[in-house]
Amino acid sequence: MAAIDTLMDLAGKAERELDANVAEVDRILHICNACRYCESFCAVFPAMTRRLDFNVADAHYLANLCHNCSACLYACQYAPPHEFGVNVPKALAQVRRDTYIEYAFPRVFGELYRCNGLTVAMAVSLGVAAFLIATILIKGSLFVPGLEGEFYAIFPHNTLALVFGAASLFSVVALAIGVTRFWRQVSEPGKPVAMPAAVGEAAKSALTLQYLGGGHGDGCNNKDDAFTLWRRRFHHFTFYGFMLCFASTSVATLYHYLFGLEAPYPIFSLPVILGTLGGIGLLIGPAGLFWLNMRRNPLQMDDRQKTMDRGFIALLFFISLTGLALLAWRDSPAMPLLLAIHLGFVMGLFVTLPYGKFAHGIFRCAALLKHAIEKRRPNPVQAGAD
Amino acid sequence: MVDVLIVGGGNAALCAALMAREAGASVLMLEASPKDWRGGNSQHTRNLRCMHDAPQDVLVEAYPEEEYWQDLLKVTGGETNEPLARLVIRASSNCRDWMRRHGVRFQPPLSGALHVARTNAFFMGGGKALVNAYYRSAEALGVKVRYETPVTEMLLDGDRFVGVVTEAGERITAKACVLAAGGFESNREWLREAWGRNDRGEWPADNFLIRGTRFNQGVLLKAMMKAGADMIGDPSQGHCVAIDARAPLYDGGICTRIDCVSLGVVVNREGERFYDEGEDFWPKRYAIWGRLVAQQPDQIAYSIIDRKVVGRFMPPVFPGVVADSLPELAAKLELPVETFMETLDGYNAACQPGTFNHTVLDDCMTEGVAPAKTHWAQKIDTAPFYAYALRPGITFTYLSLKVDDTAAVRFADKPSPNLFVAGEMMAGNVLGKGYTAGVGMSIGTAFGRIAGTGAAAAARAAHTIGRH
């Protein structure tokens, strides 16, 4: 009984926390709506001016539209220590985390967001790696010379394809269901708009990270009121690095099934070039983001998310590092060990993908699309003209 | 010894510091507030009124010198100084590239501010973003800044500046000095004295709210008055607007505005109307309503609207008092219900048919009621009804040190060789009374830059004399 009471208590506490986070967004945005000095920084404030009150759906939408550039915090005449205590980036960051939990699939797994941090990411990855190493050991093929990069001698291709295919398929489905739930919650029916234009605008905002530019293009804030473009640049390294690695895997899959060409591929083959370039991006980007994250003003962030941010950053970095190491020493006896460690990190990413920082990209794109659609409709609040 | 000492830390002080430093002087700034509160009232500003003869980036059409001057003449009722006003106007036309070089960014007019799209250039992120940019630039150029260093005493040798004494008792000397430490609006004692006692036996200033910083105590204005500097302006004049009565005593800033005044009626504590609420667009009238409310009993008034206009004005920061009937609203506001209903019934009966449009000066007006309402006069008859209590909110005072176009402080009509003044401490030379949006920043920027240049030249001259 005591255990059930404790659980109920915890559930109640979590519920009240969600309500409190949304209520704080509502309180703050009432102040912002009466001020509006920050309108040109990003999309959040123009979206705010279309509303007079902010319900749960509004808070969820605006939270994911916010890129946490924090220009509005440093510009704010009502920021702490002012008694109004306006801190938009922090209030929205807190709700943002709540949305990941709320819309996760399956719903109970959403709770993983509360604990999916650096430790979980590392533990899962190293656990998988250890399991794979043990498997190889049992087979007696660890440190066997003369494999010459024959990955599939260690793990048969079909085994890998099946295991990793299943894991990534699950991640994709879980994220798709999550973002669909989010979309249903935040979208209201309205006048039809020119969808290609809206999609184009949202895609451009996402691919250029327009809203990490601070509105003026000088960049966003990290440590203090000075602007920096490095957060945007490191995101670009990370995202495009990831996409190049994805392209590398896709090309390799085509090679394998369409042309019967099996790994390992030569250094100057398309999969290796794409993977290497992507891998370099995934070293520079995450390392830079980690460096910025360490220096970020705590006022700008939701403290509880730090470990989730860093867990994701670390996974990407180590996937890339172990991947490049595998490439460098694929002809050496260390190959099976390196392969196991690399696969461990890749699996760690896939498994935590729908319950970690990766989701921010998906939810942000959805919010950008909603913004691109709603701005094409007439503003229901006509306070603007005077 | 430092070349130029700047006393103050807002827009005018920063403009002076940057110009003096650019002219090669070593510069020390003394800001009274802690770093978190730096920038004085500039942190609450949002735009600069700019003359321009053709469209310019964020500014549309043209706003020629003559029109700007006429606007200023109108709001001040002639209590201005034409040569100084024109100097400010011309300076506003060519200062923005310099501002941009120091990191200030401009944005298109904010929603709800389209009426000034032609005349005012908005700072991206508002005045605090501008202040932050200037501080970053100043520090990068080597300007030294000391926070939490209020100055309490001026050291003068006749009309020559020698140094200052800080609150901590430290004596700081410099070759030249710019005073840009704001008006005395945060000093409630002085406000009380300036506004005096009215016929009802009230001290009206006791009910004023201060829209900006708590650090503008007027210490240096007083010190300079005592030292015999030439002064100008009436201490009871200032930029005073009607704001939400629930605003904090200091630093309520822009968001405490109540923008529904022109769309409803305003009654005083007796439940009576006292002025034409629809005379003009609210942004063109807010600057007279502070004084109007200050003249009412208890210095309070209530803006009353109904359901029909909700969403047609900038949303207020605090929720209104709501009621399903007008008598209930009066009761909730603790107003005399009978008089209140007489006022409202009389007003409603006087509303003439017209086409309501809050975006233009429409044809909805009253007939046969005093005071008349000349635009946006609609019957207040659709529940729920809302009320917002209004108080006078003082932005800044106009009592000033008298200057000419050199920004030098004057004693017996002679300029000091090395003491200059800028910003609110001299804005009264241009603004004898009244206000129009963004002109405070135009004055601060123009005279801040002049004072900084002048102080750097004075320091150089002192240096040359010192060497011989």
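Residues numbered from 1 in each chain as written. Chains lettered and ligands numbered in written order. Predicted model: local features only at pLDDT ≥ 70, side-chain atom pairs only at ≥ 80, totals over all residues. Heavy atoms only, no water.

An unreviewed UniProt entry lists chain B under the name FAD-dependent tricarballylate dehydrogenase TcuA, from Shinella lacus. Reading the Cofactor (unreviewed entry) entry of the UniProt record for chain B gives the comment "FAD". (UniProt positions renumbered as here; feature names shortened; annotations may be inferred.)

*Asks:* Explain the nonpolar core to me, please; I cannot follow it from the model alone.
*Replies:* One broad rule of soluble globular proteins: the nonpolar side chains tend to lie buried together. All names here are of chain A. The biggest cluster of nonpolar side chains holds 114 residues, and the ones touching the most others in it are Phe45, Leu62, Leu65, Tyr78 and Val86. With ten residues, the top contributor of residues to this core is helix 14 (residues 335–352). Once you skip the residues sitting within four places of it in the chain, Val86 turns out to touch Ile28, Ile31, Cys32, Leu73, Cys76, Tyr78, Ala79 and Pro80. (Core = buried A, V, L, I, M, F, W, Y, C linked by side-chain atoms within 4.5 Å. Buried < 20%, exposed > 50% of the residue type's maximum accessible area, 1.4 Å probe, protein only. Helix = DSSP H or I, 4+ residues; strand = E, 2+ residues; numbered from the N terminus. Contact = heavy atoms within 4.5 Å.)

*Asks:* Honestly, unusual backbone geometry in this entry has me stumped. Any pointers?
*Replies:* Backbone geometry follows two general trends: most residues other than glycine have a negative phi, and most peptide bonds adopt the trans configuration. Here the bond from Ala263 of chain A into Pro264 of chain A is cis, since omega is 0°, no more than 30 degrees from zero. Backbone torsion omega between Ala383 of chain B and Pro384 of chain B reads -5°, so that peptide bond is classified as cis. In the Ramachandran plot, Leu209 of chain A falls in the positive-phi region, its phi being about 50° despite a non-glycine side chain. Along the chain, Leu209 of chain A turns up in the loop between helix 10 (195–208) and strand 1 (220–221). Assessed through its relative accessible area of 15%, Leu209 of chain A is described here as buried. A positive phi is found at Asp298 of chain B, a non-glycine position, where the angle reads about 65°. Within the element layout of this structure, Asp298 of chain B appears in the loop between helix 8 (282–294) and strand 14 (301–306). Given a relative accessible area of 28%, Asp298 of chain B falls into the partly exposed group.

*Asks:* Quick question: what am I supposed to make of the domain arrangement of chain A here?
*Replies:* In many analyses, interface size is given as the accessible surface area lost on bringing the parts together. Residues and elements named next belong to chain A. Assigned domains of chain A: these are domain 1 (2–103) and domain 2 (115–356). Here domain 1 and domain 2 have C-alpha centroids that lie 29 Å from each other. In this complex, domain 1 contributes 26 residues to the contact, which on the side of domain 2 involves 28 residues. At the boundary of domain 1 with domain 2, total buried surface from both sides reaches about 2,400 Å², with 57% on carbon and sulfur atoms. Its largest share of buried area at the contact with domain 2, domain 1 owes to His67, Tyr74 and Tyr103, together 30% of the area lost on that side. Applying the counting rule to domain 1 against domain 2 returns zero salt bridges. Remark: the boundary between domain 1 and domain 2 carries twelve residue pairs in polar contact (both at pLDDT 80 or more). Contributions of two or more residues to the side of domain 1 that touches domain 2 are made by helix 1 (2–35), helix 3 (56–65), helix 4 (71–75) and helix 5 (88–103). No other element matches the seven residues that helix 5 contributes to the side of domain 1 that touches domain 2. Residue composition of the side of domain 1 that touches domain 2, by class: 14 nonpolar, nine polar and three charged. (Domains from an automatic or database assignment. Buried area = accessible area lost by both parts, 1.4 Å probe. Salt bridge = Lys/Arg side-chain N within 4 Å of Asp/Glu carboxyl O. Polar contact = N/O pair within 3.5 Å; in protein donor to acceptor, adjacent residues only side chain to side chain. Nonpolar A, V, L, I, M, F, W, Y, C, P; charged D, E, K, R; others polar.)

*Asks:* What am I meant to see in the interface of chain A and chain B here?
*Replies:* Counting from both sides, the interface comprises 36 residues of chain A and, opposite them, 45 residues of chain B. Taken together, both faces of the contact between chain A and chain B bury some 3,300 Å²; the carbon and sulfur share is 56%. On inspection of chain A and its partner chain B, the count reaches 14 residue pairs in polar contact (both at pLDDT 80 or more). Elements that contribute at least two residues to the side of chain A that touches chain B include exactly helix 1 and helix 4 of chain A. Looking at the side of chain A that touches chain B, the element that brings in the most residues is helix 1 of chain A, giving five residues. A breakdown of the residues in the side of chain A that touches chain B according to their chemical character gives 19 nonpolar, eleven polar and six charged.

*Asks:* In this structure, what is going on with the UniProt feature "domain: FAD-dependent oxidoreductase 2 FAD-binding" (unreviewed entry) in chain B? I would like to understand it.
*Replies:* Within this structure's numbering, the places UniProt gives as "domain: FAD-dependent oxidoreductase 2 FAD-binding" (unreviewed entry) are residues 3–431 of chain B. Overall, residues 3–431 of chain B shows 25% helix and 22% strand. The separation of its end C-alpha atoms is 31 Å.

*Asks:* It is not clear to me how the side chain of His52 of chain B should be interpreted in this structure. Could you clarify?
*Replies:* Residues and elements named next belong to chain B. Mapped onto the secondary structure, His52 falls in the loop between strand 3 (47–49) and helix 2 (65–76). At a separation of 2.6 Å, a polar atom in the side chain of His52 contacts the main-chain carbonyl oxygen of Arg118. In contact with His52, other than residues within four places in its own chain, are Leu59, Val60, Glu61, Ala62, Tyr63, Pro64 and Arg118.

*Asks:* Can you help me understand the sheet that holds strand 4 (residues 106–107) of chain B in this one?
*Replies:* Backbone hydrogen bonds are what pair the strands of a sheet, in a parallel or an antiparallel way. Residue and element names in this part refer to chain B. Strand order in the open sheet formed by three strands is 3-5-4, and the pairing between neighbours is antiparallel. Unpaired on one side and paired on the other, strand 3 and strand 4 mark the two borders of the sheet. Here three bridges tie strand 3 to strand 5 (residues 120–123), and the two strands are oriented antiparallel to one another. Counted as the bridge partner of Arg49 is Asn120 from strand 5. (Pairing = 2+ DSSP bridges.)

*Asks:* What is the right way to look at a negative patch on the surface in this model?
*Replies:* All names here are of chain A. Negative charge collects at one region of the surface, where Glu148, Glu150, Glu262 and Asp331 lie side by side. Relative to the helices and strands, Asp331 is located in the loop between helix 13 (306–328) and helix 14. Assessed through its relative accessible area of 55%, Asp331 is described here as exposed. (Patch = residues over 30% accessible without salt bridge, like charges linked within 9 Å, V, L, I, M, F, W, Y side chains within 5 Å. Areas by Shrake-Rupley, 256 points an atom, 1.4 Å probe, with all protein chains shown as cover. Lys, Arg positive; Asp, Glu negative; His and termini not counted. Charge placed at Lys NZ, Arg CZ, Asp CG, Glu CD.)

*Asks:* It is not clear to me how the state of the cysteines should be interpreted in this structure. Could you clarify?
*Replies:* Covalent bonding between the sulfur atoms of two cysteines defines a disulfide. Taken as a whole and judged by the stated rule, the model has zero disulfides over all chains. With no disulfide of its own, Cys42 of chain A lies closest to Cys69 of chain A among cysteine sulfurs, the gap being 5.9 Å. The cysteine Cys364 of chain B is free of any disulfide, with Cys351 of chain B supplying the nearest cysteine sulfur at 8.1 Å. (Disulfide = S-S within 2.5 Å.)

*Asks:* Whenever I open this one, the pattern of salt bridges confuses me. Can you help?
*Replies:* Any two side chains of opposite charge can pair if their charged atoms end up close together. Residues and elements named next belong to chain B. A full pass over the atoms with the stated rule returns 40 salt bridges over all chains. A salt bridge links Arg100 to Asp57, with the nearest nitrogen and oxygen atoms 3.4 Å apart. Here the residue Arg100 occupies a position in helix 4 (residues 96–101), and Asp57 occupies one in the loop between strand 3 and helix 2, the gap between them amounting to 43 residues. By relative accessible area, Arg100 is classed as partly exposed at 27%. Across the pair Asp413 and Arg410 runs a salt bridge whose closest N-O atoms are separated by 3.4 Å. Residue classification places Arg410 among the buried residues on the basis of a relative accessible area of 12%.

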